[in-house]
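# Structural description and commentary
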Amino acid sequence: MVGTSSVSQPDGPLKGVKVLDWTIWQFGPVSTSMMGDMGADVIKIESLDGDPGRGLARASNLRMDLGEGRVAYFEALNRNKRSLAVNLKTEEGLKVVHELVKDADVFVQNFRSGVAERLGVGYDTLSEINPKLIYGSANGYGPDGPDAGQPSFDGCGQARSGLMMSATEDYQEYPTRVTQGVSDQIGGIMLCQGILAALVSRGIRGVGQKVETSHLSANMWLQGLGISMSLLQGGVNFASYSRDSPTNPLSNTYNGSDGKSIVMMHLQPDRYWAPLMKEMGLEQFIEDERFVDMSARAENAPAIVKILDERFATKTVAEWDKLFRDSETDFIYALVQSIEELSDDIQVQSNNYITHFDHPVLGDVQMCNHPNIYSETPAGIWKEAPEVGQDTEEILIENLGYDWDDIGRLQSAGAIL
Ligand SMILES: CC(C)(COP(=O)(O)OP(=O)(O)OC[C@H]1O[C@@H](n2cnc3c(N)ncnc32)[C@H](O)[C@@H]1OP(=O)(O)O)[C@@H](O)C(=O)NCCC(=O)NCCS
């Protein structure tokens, strides 16, 4: 069994922060689930039909249905939130949200540019109601320019930002698209980071502000070092990575006899060349003129890759792992794992990177834990994802002081569920 139970109540670094989360699918919900993990009170504002992410049947090759009307995609992205189902196209529904904005710290949305303004929840309107509000906004391609209003999903961000080409080797006919919605995930992480910085700034300068990010900007930043290094040299095109002819064969991927892979990451290869050849039983190549230093090895990369390929193929990656661990040299490498192997990884277990959660409907479940460990204010999972509008009445009564007559009136008007 992996990890221990996650936190039992919100006690993270954002405890006391009130977040209004008008987000859909993955991009926006990632940012607000991170805030929920960190203890913020996150109210998910949903249309009466709910976040369309609730209806996702498959993601990558995974089925989403968990039974009991629960969907894995939605559960993962909306843990630690309450749900308020409100029709923003009614005057009464809009008023509910405007009233909640009065003492909210953060409002987040990831609709297409123009949708929020059209519905009366754009930054200008909400900051007039609450000038200290931090307003987080995400879209596909940035707030300005001809494509600002274009729809975008994960793959669009990967494609347009150069990420797919970065993950593609020369011989591939089609560019690689990384699975698991990584483009949305980094977008959500950047949105969360931007909002947190604005909260800190509000504490220092007393100002609210709007923070905007996009699939394009976040995925460019994911490759920010490479993009900047290229630009610093006049925008040169970095040649794509080639496993068979890498610049540095000691920073490359090899397969063991079991077909599993190992990634070597020696960025100072001259320091590791002799010990590695010795450990691998390839001493005869230590002084070989073709491989004597980094530039010679770059020049003769296909030859050394062939030698290493043949040698790695004589043992399983676990055997190589043992041999390298037993060595006097601290070789820098990792075994290539799949997602389903993570539960058995001793480091994942020791650091509780996968955690248990006692879900009231599904029972004991596991999820990827919040990635940062706080020494004094623990982050983690303390609440299951809500059903559509599950907390509407509670929020109206507790946060806004409404009574049951008000609630009945709003329901009859089609403003809430
Ligand atoms: C995700 C995306 C492609 C969806 O596009 P879409 O389905 O055409 O939706 P839009 O963003 O244009 O608009 C959402 C609609 O929901 C409506 N809506 C949402 N919440 C509502 C509420 N609580 N009450 C009433 N209407 C609501 C909006 O008014 C709008 O409908 P309308 O155009 O009829 O007025 C688009 O929102 C987008 O590109 N977002 C930015 C990038 C992003 O985050 N992508 C998702 C990655 S996971």
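What comes next is a walk through the structure. (Residues numbered from 1 in each chain as written. Predicted model: local features only at pLDDT ≥ 70, side-chain atom pairs only at ≥ 80, totals over all residues.)

Another point: the overall build of the protein. Tallying secondary structure elements over the protein gives 17 helices and 15 strands in all. Residues counted as buried form 35% of the 417 residues belonging to the protein. Contacts in the protein between residues far apart in sequence, at least 24 positions, make up 71% of those at least 6 positions apart. (Helix = DSSP H or I, 4+ residues; strand = E, 2+ residues; numbered from the N terminus. Buried ≥ 20, exposed ≤ 12 C-beta atoms within 10 Å, placed from the backbone. Contact = placed C-beta atoms within 7 Å.)

Let's shift gears to the packing of helix α1 (residues 27–37) against helix α8 (residues 182–205). Put simply, α1 and α8 touch, their axes get as near as 7 Å, and they point 50° apart. Here α8 runs oblique to α1, going by the angle between their axes. With respect to the hand of their crossing, α1 and α8 are arranged in right-handed fashion. Of the residues in α8, those in contact with Phe27, Gly28, Val30, Ser31, Met34 and Met35 of α1 are Asp184, Gln185, Gly187, Gly188, Ile189, Leu191, Cys192 and Ile195. Among the residues forming the contact of α1 with α8, the class breakdown is eight nonpolar, five polar and one charged. (Axes fitted to C-alpha atoms, helices over the stretch in contact; angles between N-to-C directions. Parallel < 35°, antiparallel > 145°, perpendicular 65-115°, else oblique. Left-handed = near helix turned anticlockwise from the far one by under 90°. Nonpolar A, V, L, I, M, F, W, Y, C, P; charged D, E, K, R; others polar.)

We now examine the environment of Gln223. Here Gln223 shows up in the loop between α9 (215–222) and α10 (224–232). Excluding residues within four positions of it along the chain, Gln223 makes contact with Gly162, Leu163 and Ser166.

This part takes up the nonpolar core. Counting 58 residues, the largest nonpolar core has Val19, Leu20, Val86, Val106, Phe107 and Ile195 as the members making the most contacts within it. It is α8 that contributes the most residues to this core, seven residues altogether. Residues Tyr254, Ile262, Val305 and Val317 belong to the second largest nonpolar core, which totals 15 residues. (Core = buried A, V, L, I, M, F, W, Y, C linked by C-beta atoms within 7 Å.)

With that settled, the discussion passes to the site of the ligand. Around the ligand, a shell composed of 22 residues is seen, among which Trp25, Phe27, Ser47, Asn110 and Pro151 lie nearest. Elements with a contribution of two residues or more to the shell around the ligand: α1, α4 (115–119) and β9 (134–139). Looking at side-chain class alone, the shell around the ligand contains eleven nonpolar, eight polar and three charged residues. (Near = placed C-beta within 6 Å.)

Attention now goes to unusual backbone geometry. Generally, phi is negative for residues other than glycine and the peptide bonds are trans, each holding for most cases. In this structure, Trp25 takes a positive phi of about 55° despite not being glycine. Phi angles above zero are rare outside glycine, and Asn352 is one such case at about 60°. Relative to the helices and strands, Asn352 is located in the loop between α15 (346–350) and β14 (354–359).

Here six strands make up an open sheet; going across it, the order is β7-β2-β1-β8-β9-β10 and the pairing parallel. Each having just a single partner strand, β7 (81–85) and β10 (209–214) make up the two edges of the open sheet. Direction aside, the axes of adjacent strands within the sheet are offset by 20° on average. By the bridge criterion, four bridges tie strand β8 (residues 106–109) to β9 in an arrangement that is parallel. (Pairing = 2+ DSSP bridges.)

A word on α8. Note on helix geometry: an α-helix contains 3.6 residues per turn, so any two residues three or four positions apart are oriented the same way. Over its 24 residues, α8 runs 34 Å from end to end, which matches the ideal 34 Å to within 8%, given 1.5 Å per residue. Here α8 has its buried residues at Ser183, Asp184, Ile186, Gly187, Gly188, Met190, Leu191, Cys192, Gly194, Ile195, Leu196 and Ala198. (Expected span 1.5 Å × (residues − 1).)

A separate point is the pairing of strand β15 (residues 363–368). Of the pairings in the sheet, the one linking β14 to β15 comprises six bridges and is antiparallel in character. Across the sheet, residue Ile354 finds its bridge partner in β15, namely Cys368. Where β14 folds back on β15, the antiparallel hairpin that results is connected by three residues.

It is at 9 Å that the axes of α8 and α9 come closest, and there the two elements cross at 95°. Accordingly, the angle class assigned to the pair α8 and α9 is roughly perpendicular. Here Ser183, Ile186, Gly187 and Met190 of α8 come into contact with α9, specifically with His215, Ala218, Asn219, Trp221 and Leu222. Across the contact of α8 with α9, the residue classes tally to five nonpolar, four polar and no charged.

Turning our eyes to something else, we now look at the sheet that holds strand β11 (residues 251–255). Read across the open sheet, the three strands follow the order β11-β12-β13; overall the sheet is antiparallel. The open sheet has two edge strands with one neighbour each: β11 and β13 (333–335). Adjacent strand axes in the sheet meet at a mean angle of 15° when their direction is disregarded. Where β11 meets strand β12 (residues 261–265), five bridges bridge the pair, whose relative direction is antiparallel. When the sheet's bridge partners are listed, Asn255 is paired in β12 with Ser261.

As a further point, take the pairing of β11. Walk down a regular strand and you will see the side chains alternate between the two sheet faces. Residues of β11 alternate between two faces, with Asn252 and Tyr254 buried on one and Ser251, Thr253 and Asn255 left unburied on the opposite face. Between β11 and β12, which pair antiparallel and follow one another directly, the connecting turn spans five residues, one of which, Gly259, has a positive phi of 80°.

Attention now moves to the environment of Trp404. Mapped onto the secondary structure, Trp404 falls in helix α17 (residues 404–412). Of the residues examined, Trp404 has 10 C-beta atoms within 10 Å and is grouped as exposed. Residues Trp404 and Glu393, eleven residues apart in the sequence, show an inter-C-alpha distance of 8.4 Å.

Time to look at the environment of Gly142. Tracing the sequence through the fold places Gly142 in the loop between β9 and α6 (154–160). Residues in contact with Gly142, not counting those within four places in the same chain, are Ala148, Ser214, Leu216 and Ser217.

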